[in-house]
Amino acid sequence: MYTSPANTLFMGNQIISLPECHSTNDFAAEKLQEPTLSEGTVIITDRQTRGRGQRGAEWVAAPGTNLTFSCVLRPTFLPISAQFQLNMVISLAILDVVAEITHKPVYIKWPNDIVVDDKKICGILIENQLRGSVFASSIAGIGLNVNQQQFPFEGPTSLALLTGHTFDLDEVLGKLLHVLETHYVALRQGNAPDRATRYREALYWRNERHTFTTLAGEVFDGSVRDVDQAGRLQVETDQGIRLFSVKEIVYTR
Ligand code: BTN
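Because the structure is predicted, anything quoted here is derived from the model rather than measured.

K.L.:
How should the packing of aromatic side chains be read in this particular structure?
P.N.:
A ring pair, where both rings are aromatic, is described by two values, the distance of the centres and the angle of the planes. Counted under the stated rule, the structure contains 11 aromatic pairs. Here Trp 205 and Phe 212 contribute two aromatic rings whose centre-to-centre distance is 5.7 Å and whose plane-to-plane angle is 80°, an arrangement assigned as edge-to-face. An identical accessibility class is assigned to Trp 205 and Phe 212; each is buried. Connected via pairs of aromatic rings, a cluster forms that spans Tyr 107, Tyr 204, Trp 205, Phe 212, Phe 220, Phe 244 and Tyr 251. Against the face of Phe 220 rests Arg 242, its NZ or CZ located 4.7 Å from the ring centre.

Here it is in structure tokens:
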């Protein structure tokens, strides 16, 4: 059973804690039909049966050992053209918490995978609901590997693997919600001019030469430099800067 953090204004004031659920993002979307669902409501479960990842992938996490939850946000103050700001806010909030806990360098693998020691520790699935040309709501789905120590495939890591000890899930959730609220309120108030700089500096593979593959199967070498206002990845190649939207490029090696 998860409890509301004591030190937040609204984030996590209402926590819907489910022993099992298909996907907390889907559950949140169903709940959003109720207009009274307040901003900051968190849907959390010990076990997702149809957890969803980016690009239509499945999100699988060992039951009861990790955080799998969704936050309901109402960023009605944000122009749609600035929606990538929300990605930055959520990614940087998680980065800050993971860095504080692990004392390690933490990176954002564009658009919003959180990576430590070249391994993914957290996946984020943000789903926006628009009303005409403005935001109605947004569901920020977060899967953070906390106490899981064995994974069925190479690639992921967890807070426990990185630190050598296990964590109280409720405590980690409380920290996350507190930091997320701080970043989100700064966005709402138009503060944090360094957000884009911090995001850029945290980009995984930034200023390193690597190989990428486009959706069309083209393989090329280049260096991640930045993201533009629309959230497209800028990769510098021998032919100049190329811009990619989500799904258009895969980090290869
Ligand atoms: C990714 O890296 O592909 C994104 C993974 C997002 C997983 C979280 S777990 C909680 C929420 N509910 C879902 O079905 N997905 C997100």
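K.L.:
Where do I start with the packing of helix α2 (residues 84-102) against helix α4 (residues 169-188) in this structure?
P.N.:
A pair of packed helices can be characterised by two numbers: the angle between their axes and the separation between those axes. Relative to each other, α2 and α4 sit at 140°, their axes nearing to 9 Å. Here α4 runs oblique to α2, going by the angle between their axes. For α2 against α4, the interelement crossing comes out right-handed. Counting all contacts with α2, which are made through Gln 85, Leu 86, Val 89, Ile 90, Leu 92, Ala 93, Ile 94, Asp 96, Val 97, Glu 100 and Ile 101, the residues of α4 involved are Val 172, Lys 175, Leu 176, Val 179, Leu 180, His 183, Tyr 184 and Leu 187.

K.L.:
Explanation requested: the pattern of salt bridges in the structure shown.
P.N.:
In the structure shown here, the tally under the stated rule is 14 salt bridges. In this structure, the salt-bridge partner of Glu 39 is Arg 188, at a minimum N-O distance of 3.3 Å. Of the two residues, Glu 39 is situated in the loop between α1 (24-31) and β2 (42-45) and Arg 188 in helix α4; the sequence distance between them amounts to 149 residues. Look at Glu 39 and you get buried, because its relative accessible area is 18%. Of the charged contacts in the structure, one is a salt bridge between Lys 104 and Asp 117, with a shortest N-O distance of 3.0 Å. Separated by 13 residues along the polypeptide, Lys 104 in the loop between α2 and β4 (106-109) and Asp 117 in the loop between β5 (113-116) and β6 (119-131) bring together distant segments of the chain.

K.L.:
Explain the environment of Lys 119 to me, please; I cannot follow it from the model alone.
P.N.:
Along the polypeptide, Lys 119 turns up in strand β6. Not counting residues within four places of it along the chain, the set of residues in contact with Lys 119 comprises Ile 114, Gly 155, Pro 156 and Thr 157.

K.L.:
Explanation requested: the layout of surface pockets in the structure shown.
P.N.:
The gaps left among the atoms become clear once a water-sized probe is rolled over them. Looking at the largest pocket, its volume works out to about 830 Å³. Along the wall of the largest pocket there are 44 residues; nearest its centre are Gln 54, Trp 59, Asp 113, Lys 120 and Gly 123. Looking at the lining of the largest pocket, the elements with two or more residues in it are α1, β3 (67-73), β5, β6, β7 (134-144) and β12 (249-251). No other element matches the 5 residues that β6 contributes to the lining of the largest pocket. The residue inventory of the lining of the largest pocket, partitioned by class, reads 20 nonpolar, 15 polar and 9 charged. The calculated volume of the second largest pocket comes to roughly 500 Å³. Counting residues per element, the lining of the second largest pocket draws most heavily on β6, at 5 residues. In terms of residue class, the lining of the second largest pocket is made up of 7 nonpolar, 10 polar and 5 charged.

Procedures and definitions
Residues numbered from 1 in each chain as written. Predicted model: local features only at pLDDT ≥ 70, side-chain atom pairs only at ≥ 80, totals over all residues. Heavy atoms only, no water. Phe/Tyr/Trp six-rings, centres within 6.5 Å; stacked < 30°, edge-to-face > 60°. Buried < 20%, exposed > 50% of the residue type's maximum accessible area, 1.4 Å probe, protein only. Lys NZ or Arg CZ within 6 Å of the ring centre and 35° of its normal. Axes fitted to C-alpha atoms, helices over the stretch in contact; angles between N-to-C directions. Helix = DSSP H or I, 4+ residues; strand = E, 2+ residues; numbered from the N terminus. Parallel < 35°, antiparallel > 145°, perpendicular 65-115°, else oblique. Left-handed = near helix turned anticlockwise from the far one by under 90°. Contact = heavy atoms within 4.5 Å. Salt bridge = Lys/Arg side-chain N within 4 Å of Asp/Glu carboxyl O. 1 Å grid on protein atoms, 1.4 Å probe; cavity = no way out; pocket = protein on both sides within 12 Å on 5 of 7 lines; lining within 4 Å. Points joined across faces, edges and corners; volume = space filled by probe spheres on them. Nonpolar A, V, L, I, M, F, W, Y, C, P; charged D, E, K, R; others polar.

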